[in-house]
Amino acid sequence: MAEMFQVRDLRLSLPDLGRKPLLGAAPRIDILRGLGFDIAKGEVLGIVGGSGSGKSTLGRALVRLLEPTGGSIVFEGTDITHLDETGLRPLRRRFQMIFQDPMSSLNPRHRVGTIIGAPLALHGFDGIPERVEQALDHVGLPAAFRSRYPHELSGGQRQRVGIARAIAMEPDFILADEIVSGLDVSSQAQVLTLLERLVAELGLTLAFISHDLSVIRRLCSRVLVLQHGAIVEQAATDRLFAAPQAAYTRDLLAAIPLPDPDQVWV
Amino acid sequence: MSFLEVRNLSARVRGAPDRLLRDVSLSVAPGEVRGLVGESGAGKSMIGKAVLGILPRAVEVLCGEILLGGTDLLRLPPAERRRRIGATCALIPQDPLTALNPSRRIGPQMTDRLVDILGWTRAKADACARDLLAEVQIADPDRVLRQYPHELSGGMRQRVLIASAFAAEPKLIVADEPTTALDVTVQKEVLRLIAGMQARHGTALLFVTHDLGVVSKVCQSLSVLYAGMVVEDTTVRDFFRAPAHPYARALLAATPKYTDPDRSLVPVAQDVLDGVQAQVDAADRGWRNG
Amino acid sequence: MRDGRGQVRRKVGLRLWLSAGWLTLLLLAALLAPWISPKDPLAQDLFLGRLPPFWMAGTEPGYWLGTDSLGRDVLSRILHGARVAMTVALVAGTITCVIGAVLGLLAGFLRGWVDIVISRLIDIWMAFPPVLFSILLIAVIGPGLWSIILAIVVIDWTRFARVVRAEAMGQGAMDYVASAQVAGRGRMGTMLVEILPNVLPTIIVLLTLEMGIAVIVEAILSFVNLSISTDDPTWGGMIAEGRTSVHQAWWVLVFPLITLFLTVLSFSQLGEGLKDRFDPVLR
């Protein structure tokens with residue numbers, strides 16, 4: 001089928017432990033309030049929103065790091081909404097995630113080769129050293145980096161290792177959670193160019209979470225705008241930038257300071 | 001006549017072979033907003049800290065001058081330097097969370113400097129604090145003065161910090177990446193506030209940032225840094241029209257610009273990096289020999 | 001770009017060499033004491049009582065550090081005392097570490113009811129006054145090497161558990177743990193493969209500290225005569241005896257005291273030195 005992900009009325013609430021009474025359950029905070037959208041095979045979907053919009057939570061729900069409290073997520077025909085770890089394990093190699101913070105997303109006491117190779121070993125791949133080398137090559141890092149530790153790499157290089165780890169398993173879908181937000185402008189440009197190339201070369205389906213609409217415009221074919229746990233607008237990228245429908249989208253666009261002194265920005 | 005003038009400032013981590021700041025020179029006129037731009041590790045924060053006298057203990061100044069209103073801060077005895085900086089300068093820090101003392105109320109934190117260093121009465125300081133909080137559009141200044149930092153939102157805390165910086169009419173404010181951690185809509189509010197207050201009070205502003213978009217909105221002039229070396233120093237108008245230095249040009253091309261998706265977010269080419277690195281190496285050789 | 005950060009390297013080596021050196025010496029002394037001791041540590045000779053160390057006047061050859069008031073050789077007694085000290089340090093330290101670290105790791109990483117049960121256990125356990133507890137234990141079981149070891153383990157495992165739990169909790173929140181989960185690694189696997197290497201430096205430092213503490217506890221217990229039941233020399237016992245003749249024969253007190261001090265110091269520095277040398281992140 002054409003739809004890789006089908007999300008219907010997705011809800012997720014977490015207990016507010018700060019307000020928990022002595023006896024009884026804590027009151028719950030609704031983070032995701034009924035989201036519905038599809039992700040087509042081969043598309044790059046942008047998910048944009050401010051802090052507190054729920055975009056990170058949505059991402060983690062899609063790869064089942066969190067379990068939804070309501071609604072459904074269907075991945076390639078399988079309902080993964082409430083599947084337990086045993087049921088998820090065989091599916092895990094088909095959807096992967098790249099994390100935001102290059103410092104904390106790589107185990108500081110594992111070498112790069114182990115970081116990329118361990119998930120492969122878990123899923124019973126063969127020829128792991130070759131696959132690790134191939135993954136490093138795909139992201140433009142020399143094979144010698146395999147014996148380095150994360151602290152011996154720059155932020156941009158670490159982020160590329162995170163990408164290599166995700167693509168090494170040849171997944172169908174990758175979730176990228178604010179992967180360029182912590183990077184310098186030059187590293188950011190490099191990583192995005194790399195991602196563009198990989199999507200084309202490997203036929204990946206990507207969900208790209210960011211707070212930066214400028215970055216989203218470059219990479220994504222369709223955009224979801226989130227505010228307070230709900231979708232306020234979904235549209236093809238060009239249409240969103242040319243004619244934003246929701247007031248929130250317009251506010252976001254108007255707030256972006258372009259590197260142009262002539263921009264009308266008051 | 002500039003209010004702040006940095007001349008040939010070099011600094012390094014104690015015991016390290018390479019310099020952190022390489023012969024940095026820049027000036028800020030009274031009432032001017034100058035941007036200090038560069039990637040992480042370029043030294044832009046270090047310069048701000050050097051001016052305010054808050055360099056980390058591990059960093060030593062090797063040579064150069066920091067002239068504040070004509071007096072070289074580096075030649076003053078430490079107590080006199082602290083007094084002079086405290087009386088004429090202020091900082092808008094990057095992280096509103098850690099910049100406020102969590103166990104003291106907002107009011108005393110804002111007025112301490114006024115009472116201790118400038119010798120104001122508590123009443124006068126409190127009135128000043130109240131006025132400033134109103135100026136940064138905080139609805140109920142009296143209540144906020146009595147609150148603790150954890151009772152305020154991130155945006156509110158940043159407003160308090162901005163207000164604190166402008167207390168006692170400093171001649172120079174160093175803003176160290178004040179909006180990096182903020183949402184884009186909150187950033188717009190905060191930048192508007194800073195620009196507005198700067199214009200009203202006529203304060204000189206040294207604005208440290210990595211975001212060229214922000215620079216184009218707030219600054220009149222900028223210095224671009226690479227590895228602790230100033231590679232371009234020009235007005236904002238001239239810079240965005242045609243940056244002179246290849247590295248600065250590449251930085252601009254790499255900056256996201258959604259109105260021009262194909263000609264922005266361009267990675268910096270290796271030969272540009274090699275070129276600017278060669279410049280740095282040549283400067284190091286000259287410094288070691290001369 | 002190359003920048004100034006990361007240029008300062010830490011000076012490693014000296015601390016590790018000195019502490020490891022002393023402890024190795026001590027370990028050898030403990031193992032080989034019966035063969036390398038110049039005299040029999042229990043042999044009394046009242047005619048040779050209170051002989052000074054070899055560099056002073058009025059000494060007899062062969063009694064390098066002098067003798068105590070009963071004519072027993074101080075050096076030989078120190079060497080034999082090392083046997084007790086090292087046994088207690090290694091055995092008690094290791095057992096305490098294993099129990100405390102395992103429980104701390106489980107509580108800190110698995111959270112949930114495992115954490116609740118273990119944390120409550122720690123809280124309640126720590127409420128018992130430790131000195132009373134150990135004296136009670138020894139009164140019930142009777143004096144001896146194993147009583148001391150048991151007393152130390154029983155009291156100190158909570159220290160390990162608390163600290164390791166906090167470390168494990170901190171590491172558990174990191175994205176690399178989430179990444180392991182996304183990759184499909186199970187909970188126990190994640191705990192051993194991802195979390196443990198990052199908690200190990202702390203465990204090592206605590207372990208060596210604990211060994212130092214064990215030596216002191218044994219010394220205190222033998223000082224008050226609650227340690228081993230035989231006449232075998234202990235450093236604490238020597239200090240207690242030396243106290244009474246400190247004016248006439250200061251060496252009977254001072255030498256075991258110095259040995260004790262150097263040993264405890266070496267243990268604490270060993271942990272820090274090992275961390276500096278072997279932790280890839282710090283190199």
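Given the structure is predicted, the values throughout are model-derived calculations rather than measurements.

(A) Representation of the overall build of chain A within the structure. When helices and strands are counted, chain A shows nine helices and ten strands. Taken over C-alpha atoms, the radius of gyration comes to 19 Å for chain A, in line with the 18 Å a tight globule of 266 residues would show. Structurally, chain A occupies a C-alpha span of about 60 × 50 × 45 Å along its principal axes. A separation threshold of at least 6 residues defines the contact pool for chain A, and within that pool the share at least 24 residues apart is 68%.

(B) Inspection of the overall build of chain C at higher detail. Within chain C, the regular secondary structure consists of nine helices and zero strands. For chain C, the α and β elements follow one another from N to C terminus as α-α-α-α-α-α-α-α-α. On the principal axes, the C-alpha backbone points of chain C span a range of 80 × 55 × 30 Å. For chain C, the proportion of its 283 residues judged to be buried stands at 43%. Across chain C, every contact between residues at least 6 apart in sequence was considered, and the portion connecting residues at least 24 apart equals 72%.

(C) Expanded view of helix H4 (residues 106-116) of chain B. Every buried residue of H4(B) is listed here: B:Ile106, B:Gly107, B:Met110, B:Thr111 and B:Leu114. Axial view of H4(B): buried residues confined to an arc of 95 degrees, hence all on one face.

(D) Molecular detail of the nonpolar core. Core analysis: the largest hydrophobic core is formed by 163 residues, its most contacted members being A:Phe208 and B:Leu206. Here the element with the most residues in this core is helix H11 (residues 246-254) of chain B; it accounts for seven residues. The residues contacting B:Leu206, other than those within four sequence positions of it, are B:Leu4, B:Val28, B:Arg34, B:Leu36, B:Gly48, B:Val51, B:Leu172 and B:Val174. Grouped together as the second largest cluster of nonpolar side chains are 61 residues, C:Ala85, C:Leu106, C:Leu209 and C:Ala219 included.

(E) Quick look at the pairing of strand S10 (residues 230-236) of chain A. Residue and element names in this part refer to chain A. The pairing of strand S9 (residues 222-227) with S10 spans six bridges and is classified as antiparallel. Each residue of the ladder has a partner; that of glutamine 227, found in S10, is alanine 230. Once S9 ends, the chain turns through two residues before running back antiparallel as S10, passing histidine 228 with a positive phi of about 50 degrees.

(F) Up close: the packing of H4(B) against helix H5 (residues 122-135) of chain B. Residues and elements named next belong to chain B. Contact pair H4 / H5: the axes reach a minimum separation of 9 Å and the direction vectors enclose 125 degrees. One finds that H4 runs oblique with respect to H5. Crossing hand, H4 versus H5: right-handed. Contacts from Gly107, Met110, Thr111, Leu114 and Val115 in H4 reach Arg122, Ala125, Asp126, Cys128 and Ala129 in H5.

(G) Molecular detail of the interface of chain B and chain A. Contacts between chain B and chain A engage 29 residues on the former and 27 residues on the latter. Counting only elements with at least two residues in the side of chain B that touches chain A, the list comes to helix H8 (184-201), helix H9 (212-218), helix H10 (236-241) and H11 of chain B. A total of five residues in the side of chain B that touches chain A trace back to one element, the largest contributor, which is H9(B). A class-by-class count of the residues in the side of chain B that touches chain A yields 15 nonpolar, eight polar and six charged.

(H) Looking closely at the sheet that holds strand S7 (residues 173-177) of chain A. Residues and elements named next belong to chain A. Strand order in this open sheet of six strands is S6-S7-S8-S3-S9-S10, and the pairing throughout is mixed. Sheet topology places strand S6 (95-98) and S10 at the edges, where each strand pairs with a single neighbour. Adjacent strand axes in the sheet meet at a mean angle of 15 degrees, parallel and antiparallel pairs treated alike.

(I) Quick look at the confidence of the model for chain A. Here chain A averages 91 in pLDDT, while 99% of its residues score no lower than 70. Model confidence for chain A, summarised as mean pLDDT per element, is weakest for helix H7 (residues 213-219) of chain A at 89 and strongest for S9(A) at 96.

(J) Layout of the packing of H11(B) against helix H12 (residues 270-289) of chain B. All names here are of chain B. Close contact between H11 and H12 brings their axes to 9 Å; oriented N to C, the two are set at 140 degrees. By the angle class used here, H11 and H12 are oblique. Between H11 and H12 the crossing geometry is left-handed. On H12, the residues that touch Pro246, Tyr247 and Ala250 of H11 are Val272, Gly275 and Val276. Split by residue class, the contact of H11 with H12 holds five nonpolar, one polar and no charged.

(K) Up close: the pairing of strand S8 (residues 204-209) of chain B. Residue and element names in this part refer to chain B. Most of S8 is tucked away: six of the six residues are buried. Of the two faces of S8, the one lined by Ala204, Leu206 and Val208 and the one lined by Leu205, Phe207 and Thr209 are each fully buried. Bridge count for strand S3 (residues 33-37) against S8 is five bridges, and the pairing is parallel. Bridged to arginine 34 within S8 is leucine 206. Of the pairings in the sheet, the one linking strand S7 (residues 172-176) to S8 comprises five bridges and is parallel in character. Its bridge partner lying in S8, valine 174 is registered against leucine 206. Note on the crossover from S7 through H8 to S8: the handedness is right-handed.

(L) Molecular detail of the environment of A:Ile98. Residues and elements named next belong to chain A. With respect to the helices and strands, isoleucine 98 occurs in strand S6. Judged by local crowding, isoleucine 98 falls into the buried class, with 29 C-beta atoms found within 10 Å. Through-space distance from the C-alpha of isoleucine 98 to that of glutamine 190 is 16 Å; in sequence the pair is 92 residues apart.

(M) Spotlight on the sheet that holds strand S1 (residues 4-13) of chain B. Residue and element names in this part refer to chain B. With antiparallel pairing, the four strands of this open sheet are ordered in space as S2-S1-S4-S5. The open sheet has two edge strands, strand S2 (21-28) and strand S5 (71-72), and neither has a second partner. Where strand S4 (residues 59-68) and S5 come together, two bridges link them in antiparallel fashion. Bridging across to S5, leucine 67 finds its partner in aspartate 72.

Calculation criteria
- Residues numbered from 1 in each chain as written.
- Chains lettered and ligands numbered in written order.
- Predicted model: local features only at pLDDT ≥ 70, side-chain atom pairs only at ≥ 80, totals over all residues.
- Helix = DSSP H or I, 4+ residues; strand = E, 2+ residues; numbered from the N terminus.
- Rg over C-alpha atoms; globule rule 2.2 N^0.38 Å.
- Contact = placed C-beta atoms within 7 Å.
- Buried ≥ 20, exposed ≤ 12 C-beta atoms within 10 Å, placed from the backbone.
- Arc of directions from axis to C-beta.
- Core = buried A, V, L, I, M, F, W, Y, C linked by C-beta atoms within 7 Å.
- Pairing = 2+ DSSP bridges.
- Axes fitted to C-alpha atoms, helices over the stretch in contact; angles between N-to-C directions.
- Parallel < 35°, antiparallel > 145°, perpendicular 65-115°, else oblique.
- Left-handed = near helix turned anticlockwise from the far one by under 90°.
- Nonpolar A, V, L, I, M, F, W, Y, C, P; charged D, E, K, R; others polar.
- pLDDT = per-residue confidence, 0-100.
- Right-handed = clockwise from strand over helix to strand, strands pointing away.

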